[in-house]
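These are the residues of each chain, in order.
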Amino acid sequence: KLNYFQQPQDIKESDFMKFLEKYGRHSFIAPSQVQPSFSAFYRAGDPILIYFDSSSVLSTLRQPVKMGASGLCVDGNPAGFLDSKSTSCTRIFTNLSKSCMTDPALDAASYYRDFTVLKVHVRFLAFVIYEIEYSGTSGIQSVSVQFKVSNISGDFGSSLQQHFTLHFWVSAPILPGLLPGFGNPGYITGAPLLIANSGAMQHMSILQGDSEGSCSQFLRRTVQFGRNMRTGCNLSLSPLLEERNCSYIQQKLYKAFQGMNKTEDLAMIGSALSTQTEEWTTILVQNCSVQAVNCTSCCIVPVTLEIQILWTKVGLLSNPQAQILGARYFYQCRPLKFLSAPTVPVTTVVTFTDMTDWPEPPWGQPQRHWKLPFDIFFPFKVALNFESSYRVDLTGCFLFILIMSGILCF
């Protein structure tokens, strides 16, 4: 019994806050097919290949850069795999009105139309942001592009500065049985947390900002077991404020916090399988309570998400295994005016609380009044006293035997 951790306590929604206050401390608020033999995975720095269906031409994804002291745009620069960077350059137009209609650099469709991005490297681009999802087992999974356009004026001798950004992020879905380094069975510190939605497993992730401080729609930060985290970014509300629909805005903000797929269950151990229901726990969600606010043009929206995770050590003391007991999404809200700024600062906090119940030690804990021996001969004196007492006890035993024998003889 003393060699094992105590049985973990059951966590319910009603007592989640009680355990959090008791044990918590202050903290900051898959591939379905085998890849063909004629293909290979991208290596860091490799040009990303694209294919034009209409002309059957194999080319590379371009990221314009500036050249020389003038900083003019050069369109032939290939984008490198896993090489996330932002570039800026200047374009000069002799006839802006004509170029606006004919120049591919000013046509948003030219950055994505009529070509596809190759998932793997086969052996034989106004403000543009490419978001590229990749997997270590299947190569590039998806590519999206975002544009930020603005009105410009002028006819002759006009100039325009363009910005280009390339982001890479790891594909979230995970296949059962391919979970190296997560822990077996318990979680390993620093390993991603496993979540599931209708049986589909993926990593738990939170909002992350880009280089300009804006919340990225696709780039999210993976939550790692045992490591408290805090992220913040500015979430754009421009298209939402036009709706003037408070319920719609609230749903969009909750979805932005949760990610593309809503999280329902959290794996209690690192080696959890989607088919084993006892290895998963339902994530509790506490949304904001919508209260009346003395403002006719306000909406109560979530601005902070705190992911609270309770865990414990189980099993042998010599081989402790980390197991999650429960988790909760706790939202905090504030009023938002429809006519306020088009962005709102949002924050995500992740806290891990250790609820390990250690067994009773085999010997009493050292007390303050216990003193060390007053001389170096103390151990020897103890041994001598033990030997003398042993002799006295042995002598007494023999005397007792002799007396009993004499009594029996008479």
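Residues numbered from 1 in each chain as written. Predicted model: local features only at pLDDT ≥ 70, side-chain atom pairs only at ≥ 80, totals over all residues. Heavy atoms only, no water.

In the annotation of an unreviewed UniProt entry, the chain is listed under the name TECT3 protein and assigned to Tachuris rubrigastra. UniProt lists a comment for the chain under the heading Subunit (unreviewed entry), and it reads "Part of the tectonic-like complex (also named B9 complex)." (UniProt positions renumbered as here; feature names shortened; annotations may be inferred.)

With that out of the way, let us pick up the overall build of the chain. Broken down by element type, the chain carries five helices and 22 strands. Here the chain holds 410 residues, and the buried ones make up 38% of them. (Helix = DSSP H or I, 4+ residues; strand = E, 2+ residues; numbered from the N terminus. Buried < 20%, exposed > 50% of the residue type's maximum accessible area, 1.4 Å probe, protein only.)

With that settled, the discussion passes to the sheet that holds strand E12 (residues 194–197). Strand order in this open sheet of four strands is E13-E12-E17-E18, and the pairing throughout is antiparallel. Because the sheet does not close on itself, it has two edges, and the strands there are strand E13 (200–203) and strand E18 (280–282). Taken over all neighbouring pairs, the strand axes of this sheet differ in orientation by 35 degrees on average, direction set aside. The pairing of E12 with E13 spans four bridges and is classified as antiparallel. Looking at E13, one finds that Leu-194 is bridged to His-203. (Pairing = 2+ DSSP bridges. Axes fitted to C-alpha atoms, helices over the stretch in contact; angles between N-to-C directions.)

So, on to unusual backbone geometry. Positive phi, close to 65 degrees, is recorded for Leu-82, a residue that is not glycine. Considering the arrangement of structural elements, one finds Leu-82 in the loop between strand E5 (72–74) and strand E6 (85–93). Although it is not a glycine, Asp-114 adopts a positive phi angle of roughly 70 degrees. Tracing the backbone through its elements, the reader meets Asp-114 in the loop between helix H2 (96–102) and strand E7 (115–117).

A separate point is the pattern of salt bridges. Counted under the stated rule, the structure contains four salt bridges. The partner of Asp-75 in a salt bridge is Arg-91, and the shortest N-O contact between them spans 2.7 Å. Taken together, the residues Asp-75 in the loop between E5 and E6 and Arg-91 in strand E6 connect sequence positions 16 residues apart. Residue classification places Arg-91 among the buried positions, given a relative accessible area of 10%. (Salt bridge = Lys/Arg side-chain N within 4 Å of Asp/Glu carboxyl O.)

So, about the side chain of Gln-208. Checked against the element boundaries, Gln-208 lands in strand E14 (residues 205–209). There is a polar contact of 3.4 Å between the side chain of Gln-208 and the backbone nitrogen of Arg-221. If near-sequence neighbours (up to four positions away) are discounted, Gln-208 is found in contact with Ser-214, Cys-215, Ser-216, Leu-219, Arg-220, Arg-221 and Cys-233. (Polar contact = N/O pair within 3.5 Å; in protein donor to acceptor, adjacent residues only side chain to side chain. Contact = heavy atoms within 4.5 Å.)

What follows covers helix H4 (residues 246–258). Here H4 contains 13 residues, and its C-alpha end-to-end distance of 19 Å stays within 8% of the 18 Å for a straight helix at 1.5 Å per residue. If you check which residues of H4 are buried, you get Ile-249, Gln-250, Leu-253, Tyr-254, Phe-257 and Gln-258. A positive backbone phi angle near 100 degrees is found at Gly-259, which sits one or two residues after H4. (Expected span 1.5 Å × (residues − 1).)

This brings us to the sheet that holds strand E16 (residues 229–236). Within a beta sheet, neighbouring strands are joined by backbone hydrogen bonds and run either parallel or antiparallel to one another. Pairing is mixed across the open sheet formed by five strands, whose spatial order is E16-E22-E20-E21-E19. Pairing within the sheet leaves two strands with one partner each, and these edge strands are E16 and strand E19 (284–286). Between one strand and the next, the sheet's axes are offset by a mean angle of 15 degrees, whatever the strand orientation. Here three bridges tie E19 to strand E21 (residues 321–337), and the two strands are oriented parallel to one another. Note that in E21 the partner of Val-285 across the bridge is Tyr-329. Running at roughly 30 degrees to strand E20 (residues 298–314), H4 makes contact with E16, E20, E21 and strand E22 (343–354) of the sheet.

Now for helix H1 (residues 16–23). Inspection of H1 places Phe-16, Phe-19, Leu-20 and Tyr-23 among the buried residues, and these make up the whole buried set. Considered in projection along H1, the buried side chains sweep an arc of 100 degrees and stay on one side of the axis. Those residues of H1 that are exposed and aimed more than 90 degrees away from the buried face are Lys-18, Glu-21 and Lys-22. Those residues of H1 that are buried lie in contact with E19, E20, E21 and E22. (Arc of directions from axis to C-beta.)

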